[in-house]
Amino acid sequence: MKGRKTMKIAAWNTPARRIDPMTPSPAPRVLTLTLNPSVDISYEIDRLVEDRKVHASAYRLDPGGNGINVARALTRLHIAVHAFFVAAGETGALLEHLVAKQIANPHCRHIAGETRINVTIEARNPRAQYEVIGVGPTIDDTTLDAIVGDVVALADDGYVVLTGSLPPGASAGTYNRIMRALGPRVRVVVDMQGEALARAIEAKPFLIKPNRYEFEEFVGRALPTLDDVQREARALQATGVTHVCVSLGADGAVLADAQGVRHAWPPQVDVQSTVGAGDSMVAGLIAAFAQGGGSAQALRLGLACGSATAAQPGTELFDGAEVQALAAGVDVRLLAPAPP
Ligand SMILES: Nc1ncnc2c1ncn2[C@@H]1O[C@H](COP(=O)(O)OP(=O)(O)OP(=O)(O)O)[C@@H](O)[C@H]1O
Ligand SMILES: [Mg+2]
């Protein structure tokens, strides 16, 4: 996986950072949804040795799941965010505790089972990362009905972020169903892949942010050049997705809206670990739109947040104080104007 073998580790075992008091913001409400969250445990070790005990030199615990990550990133941008997630059993209680330390407005529905635990091992010698992903609790139809009701009640008429894998038991049409229940007043932001993405696109979201691979999978062919990406982004935008942003890793991103298609290269950073770059970019895009910006500002802030996270070690996210200056340095160019 990208960037994972070259990862450096931060000083760990430090207490989880408390969030700053939120700057009052006139921006509309942003709600993130996490249906398949996790407690993420990371260990730093020297090396894995078969049949031997290995002692960690550092470890950390984080709340996991893409929606929770986007909420953490929005908090760093001083955007008031509400994070809805499900929690189950003893691990779920720990998850709630970890979320409350980092997000000002958590909303939790307790479900049956046990929230999953994901384990990451960072080895220094040789440098490598190992990941074991757990299996989350199954969500049955009755629980899903209740969750749809929760999301509609919490959504207000701002932004709802639908991102991350679906839990066992939830069909690929789950996000599409939530979007239809939310109705057209809510601006839905979608970051997912495969059949779930295809079904969500049918419900015409406000913004989608696939990476190149996810977009190629959706389109059904390889898109090796920027021109290929921009043509397909424009074609999809014309079907009724208000903003189509395709992130291209080190090649930046394109963003298609009704005015045309823009591209920008990412700010130059010393890349350490790209884990969390996509979630950070989604947060940057939303923050710019929620504060009244247009596509060019959104692309600048999205790229700045993505790349600033790529410059951090491990799962650490960008520093909120640095991204505005990075965003100001991003040069956005119009690749293709809107068709006449
Ligand atoms: N190698 C890199 N160099 C500079 N910036 C990067 C790099 N990788 C990612 N980024 C930044 O992060 C943004 C999102 O990256 P990417 O396209 O890899 O998203 P993603 O695949 O959805 O990420 P994730 O794996 O976190 O879901 C990029 O547009 C860019 O701003
Ligand atoms: Mg992604």
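No experiment lies behind these values; they were computed from the predicted model shown. (Residues numbered from 1 in each chain as written. Chains lettered and ligands numbered in written order. Predicted model: local features only at pLDDT ≥ 70, side-chain atom pairs only at ≥ 80, totals over all residues. Heavy atoms only, no water.)

The strand order E3-E2-E6-E7 describes an open sheet built from four strands, whose pairing is mixed. Both outer strands of the open sheet, strand E3 (58-64) and strand E7 (127-132), are each paired with one neighbouring strand and no more. Along the sheet, successive strands turn relative to each other by an average axial angle of 15°, direction set aside. Sheet strands touched by helix H2 (residues 89-102): strand E2 (38-45), E3 and strand E6 (116-124). Its angle to E3, the strand with the most contacts, is close to 90°. (Pairing = 2+ DSSP bridges. Helix = DSSP H or I, 4+ residues; strand = E, 2+ residues; numbered from the N terminus. Axes fitted to C-alpha atoms, helices over the stretch in contact; angles between N-to-C directions. Contact = heavy atoms within 4.5 Å.)

Overall, the coordinates contain 12 salt bridges when judged by the stated rule. If you follow the salt bridges from partner to partner, you end up with Arg60, Asp62, Arg76 and Glu316 in one network. (Salt bridge = Lys/Arg side-chain N within 4 Å of Asp/Glu carboxyl O.)

One open sheet holds the 10 strands; their spatial order is E5-E4-E1-E8-E9-E10-E11-E12-E13-E14, and the pairing between them is mixed. Two strands in the sheet have a free side with no partner beyond their single neighbour: strand E5 (105-111) and strand E14 (332-337). With four bridges joining them, strand E1 (residues 30-34) and strand E8 (residues 159-163) adopt parallel strand pairing. Bridge pairing in E8 places Leu33 opposite Leu162. Where helix H8 (residues 277-290) meets the sheet, it contacts E1, E8, strand E9 (187-191), strand E10 (207-208), strand E11 (243-247) and strand E12 (253-257), and its direction lies at approximately 165° from that of E8.

Its location among the elements puts Asp191 in strand E9. Of the side chains with opposite charge, Lys209 comes closest to the buried, unpaired Asp191, at an N-O distance of 4.6 Å. The contacts of Asp191, once residues within four sequence positions are left out, are Leu162, Thr163, Gly164, Lys209, Glu214, Gly278, Asp279 and Val282. (Buried < 20%, exposed > 50% of the residue type's maximum accessible area, 1.4 Å probe, protein only. Lys, Arg positive; Asp, Glu negative; His and termini not counted.)

This next bit is on the nonpolar core. Counting 50 residues, the largest nonpolar core has Val30, Leu74, Leu77, Tyr159, Ile286 and Val323 as the members making the most contacts within it. Counting the residues that make up this core, at least three belong to each of domain 1 (26-156) and domain 2 (206-340). Setting aside anything within four residues of it in sequence, one finds Ile286 in contact with Val30, Leu74, Tyr159, Val161 and Val189. Of all hydrophobic cores here, the second largest spans 44 residues; its members include Phe84, Leu144, Ile178 and Ala256. (Core = buried A, V, L, I, M, F, W, Y, C linked by side-chain atoms within 4.5 Å. Domains from an automatic or database assignment.)

On to the packing of aromatic side chains, then. Evaluation of the coordinates by the stated rule reveals two aromatic pairs. Where Tyr159 meets Phe206, the ring centres are 5.6 Å apart and the plane angle is 75°; that geometry is what we call edge-to-face. Of the two residues, Tyr159 sits in strand E8 while Phe206 sits in the loop between helix H5 (194-202) and E10, which places them 47 residues apart along the sequence. Summarising the burial analysis for this pair, Tyr159 and Phe206 share the class buried. (Phe/Tyr/Trp six-rings, centres within 6.5 Å; stacked < 30°, edge-to-face > 60°.)

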